[in-house]
Amino acid sequence: AGGHVISAAAGPGPARRRAGSAMSLREPSPGGAVEAGEDAAVALAELDGPDPCLSLLPWDRFSAWLHCVCVVGFDLELGQAVEVIYPPHTKLTDKEKTNICYLSFPDSNSGCLGDTQFCFRFRRSPGRKVSLCCFLDQLDRDVPVYLKKDPAYYYGYVYFRQVRDKSLKRGYFQKSLVLISKLPYVHLFHTMLKQIAPEYFEKSEAFLEAVCSDVDRWPPPVPGKILHLPIMGIIIKLQIPTYRDKPGTTPVVQDVHQADAQISMPLPTVHEVNLFRCFCPVFFHVQMLWELVLLGEPLVVMAPSPSESSETVLALVSCISPLKYCSDFRPYFTIHDSEFKEYTTRTQAPPSVILGVTNPFFAKTLQHWPHIIRIGDIKLPGDVPKQVKVKKLKNLKTLDSKPGVYTSYKPYLNKDEEIVKQLQKGVQKKRPMEAQSVILRRYFLELTESFIIPLERYVASLMPLQKCISPWKSPPQLRQFSQDDFMKTLEKAGPQLTSGLKGDWIGLYRHFLRSPNFDGWFRSRQKEMTQKLEALHLEALCNENLVFWSQKHTEVETVDLILKLKNKLLQADREHLPVKNDTLKKLEMHINDIIQALPDDLQDILLKTGTT
């Protein structure tokens, strides 16, 4: 019987590129790092061959994609309760179960009749061991920084059904099927739920077991490779983006003709939401919202349902892509959340977090927050939306307040009227929402790149010159980041080279340098550059005649060198340094040659010795 093929290519829609910016936001890709990443991908890709790797245990493949699948129902005595967890051996703490229970149902005021899909994010309990094979986690290195897993959080992808049922005491059937995962692939998991949830509500547990067995046959989530994921007679076909992809491009998944004439149903992405649909109620203020997200300002999205709150929060987080949003964000947040007190206290300033809420109670609880986005039902209007003014916070009394942005924030940059006109024109001409999203995504991408390129350029200048690297000394340190020195570079090499927007760019940079997003970005860059220095130091060692050196030094000094070199090799493997395999092999040969030149008794000891 012919099934369906659902194709998904990940990454933003096609975008016009500015000269010189293609490499600006990508993680450095020295030959060795690429080689190492590809080796890992090839090795892991072989797992879906006819002879699977024996080290993979049952549920290891499942764990590469999902932590577990939960069914949450409503009990008249207990309230919301987890009825089923699959696989049965999955470990969830009581706190995690409580969070899943409350986050899997819309607030009662949402009035979500029928089927509703949304997602949430919650903290993992600390001190838990990672069950997944560590080598599968290495795949995380090859995805773009904004798609990397955060080990401290889980995502919950929900399919909630509420229908009238006179046979039940409450008069309603209420149940959620929830996928718990560390992966932020919202579009993939929502698509998967759409295929399996309706059938699950009819067939119950045996069907759920079959679904999980299918997932346990999936290949590992290797970035850059076209993956075929069978799920209950359907094949989802997708490609996860890699950090080497040019920002703003979409890998095209070709439909290969199937022998059994499977139907192709192409999907555009694994992780993106429909940007224009989310920003439509407030699109006059997209540039201001971009600034607020970039600066890590506390933001609340007040929406009528979890679908709209979760999509809007995810859209906000993605608007500074390919920069990673480094603060916490909760696509759907309730008064029962374990962080409710922490995030709503008035004894300290609101934290750097984006919350999506639907309960009217939050209009009062969070009215001291500096920036509130109020959205109505997300629909694409047939006519041009009216200009929604920025409103003062004191006007926000209840969740029934009119849609708009409630803040006293004054943007640093002058408003870009061009993007508003372009989107308005699209609404008038009934341009497809997907095309509007592509325009908006490209606008955000170019704005982010214009902002970050000067920082990239300055940070690259902190790298010591290659001639400063000596094989006989420790690798040199990076120069310190100086805010004053960076600001001086902006006059000649600032954002004006790639953006026509005027305004207080200097003020925006000063604010950004105090934000969690800068801290996260700079730490990531520091780590990459330090690893690059370690890699260059290794190469410098390889180019020396180490045997000749050892002949001119004492046995004690030679043994010390061997142990240090062995530690260097271990470090290269442990930290995945961007070193070519040839360099590592050459260093191993050097070590063996030095050992061979030593007396036999020392050779025996050193060949058995790993490291100190």
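It should be emphasised that the depicted structure is a prediction, and the values quoted were computed from it without experimental measurement. (Residues numbered from 1 in each chain as written. Predicted model: local features only at pLDDT ≥ 70, side-chain atom pairs only at ≥ 80, totals over all residues. Heavy atoms only, no water.)

By the secondary structure assignment, D107 is in the loop between α3 (94–103) and β4 (114–123). Of the residues examined, D107 reaches a relative accessible area of 13% and is grouped as buried. Of note is the side chain of D107, whose polar atom sits 2.6 Å from the side chain of T358. Ignoring anything within four residues of it in the chain, the contact list for D107 reads Y332, T358 and N359. (Helix = DSSP H or I, 4+ residues; strand = E, 2+ residues; numbered from the N terminus. Buried < 20%, exposed > 50% of the residue type's maximum accessible area, 1.4 Å probe, protein only. Polar contact = N/O pair within 3.5 Å; in protein donor to acceptor, adjacent residues only side chain to side chain. Contact = heavy atoms within 4.5 Å.)

By the definition in use, this model includes 36 aromatic pairs. For the ring pair F283 and F284, a centre distance of 5.0 Å and an interplane angle of 15 degrees mean the geometry is stacked. Of the two residues, F283 and F284, both sit in the buried class. Between Y458 and F481 the ring centres are 5.1 Å apart and the planes differ by 90 degrees, which places this aromatic pair in the edge-to-face class. (Phe/Tyr/Trp six-rings, centres within 6.5 Å; stacked < 30°, edge-to-face > 60°.)

Attention now goes to a negative patch on the surface. Together, E555, D600, D601 and D604 give the surface a local cluster of negative charge. At three residues, the largest contribution of residues to the negative patch is made by helix α20 (residues 600–608). With respect to the helices, strands and loops of the structure, E555 is situated in helix α18 (residues 555–574). For E555, a relative accessible area of 43% translates into the label partly exposed. (Patch = residues over 30% accessible without salt bridge, like charges linked within 9 Å, V, L, I, M, F, W, Y side chains within 5 Å. Areas by Shrake-Rupley, 256 points an atom, 1.4 Å probe, with all protein chains shown as cover. Salt bridge = Lys/Arg side-chain N within 4 Å of Asp/Glu carboxyl O. Lys, Arg positive; Asp, Glu negative; His and termini not counted. Charge placed at Lys NZ, Arg CZ, Asp CG, Glu CD.)

This next bit is on the sheet that holds strand β5 (residues 153–164). If you walk across this open sheet you meet the five strands as β3-β2-β6-β5-β4, and the pairing is antiparallel. Two strands bound the open sheet, and with one partner strand each, they are β3 (79–86) and β4. Pairs of neighbouring strands in the sheet enclose a mean axial angle of 25 degrees, with direction left out of account. Strand direction decides the pairing type here: strand β2 (residues 68–75) and strand β6 (residues 172–181), joined by six bridges, are antiparallel. Paired with V69 across the strands is L179, a residue of β6. Against the sheet, helix α6 (residues 205–215) engages β2, β3 and β6, with an angle of about 50 degrees to β3. (Pairing = 2+ DSSP bridges. Axes fitted to C-alpha atoms, helices over the stretch in contact; angles between N-to-C directions.)

Judged by nonpolar contacts, the single largest core of 113 residues is most densely connected at W65, M192 and F279. Sequence-distant contacts of M192, that is, excluding residues within four places in its chain, are made with L66, L179, V211, V215, W218, I231 and I236. Grouped together as the second largest cluster of nonpolar side chains are 23 residues, L538, L569, L598 and L606 included. (Core = buried A, V, L, I, M, F, W, Y, C linked by side-chain atoms within 4.5 Å.)

Confidence along the protein chain averages 82 in pLDDT terms, with 81% of residues attaining 70 or more. Predicted confidence is poor over residues 1–54, with pLDDT under 50, and the contacts of this stretch with residues over four places away or in other chains come to 158 contacts. A low-confidence stretch, residues 380–385 (pLDDT under 50), is modelled with 15 contacts involving residues beyond four sequence positions or located in other chains. (pLDDT = per-residue confidence, 0-100.)

Moving on, we come to the pairing of β5. Two faces, one strand: in a regular strand the side chains alternate between the faces of the sheet. Of all 12 residues in β5, 10 are buried, a share of seventy percent or more. Relative to β5, β4 runs antiparallel, the two sharing 10 bridges. Its bridge partner being in β5, F120 is matched across the sheet by G156. Of the strand pairs in this sheet, β5 and β6 are connected by 10 bridges, and their pairing is antiparallel. Its bridge partner being in β6, Y155 is matched across the sheet by S181.

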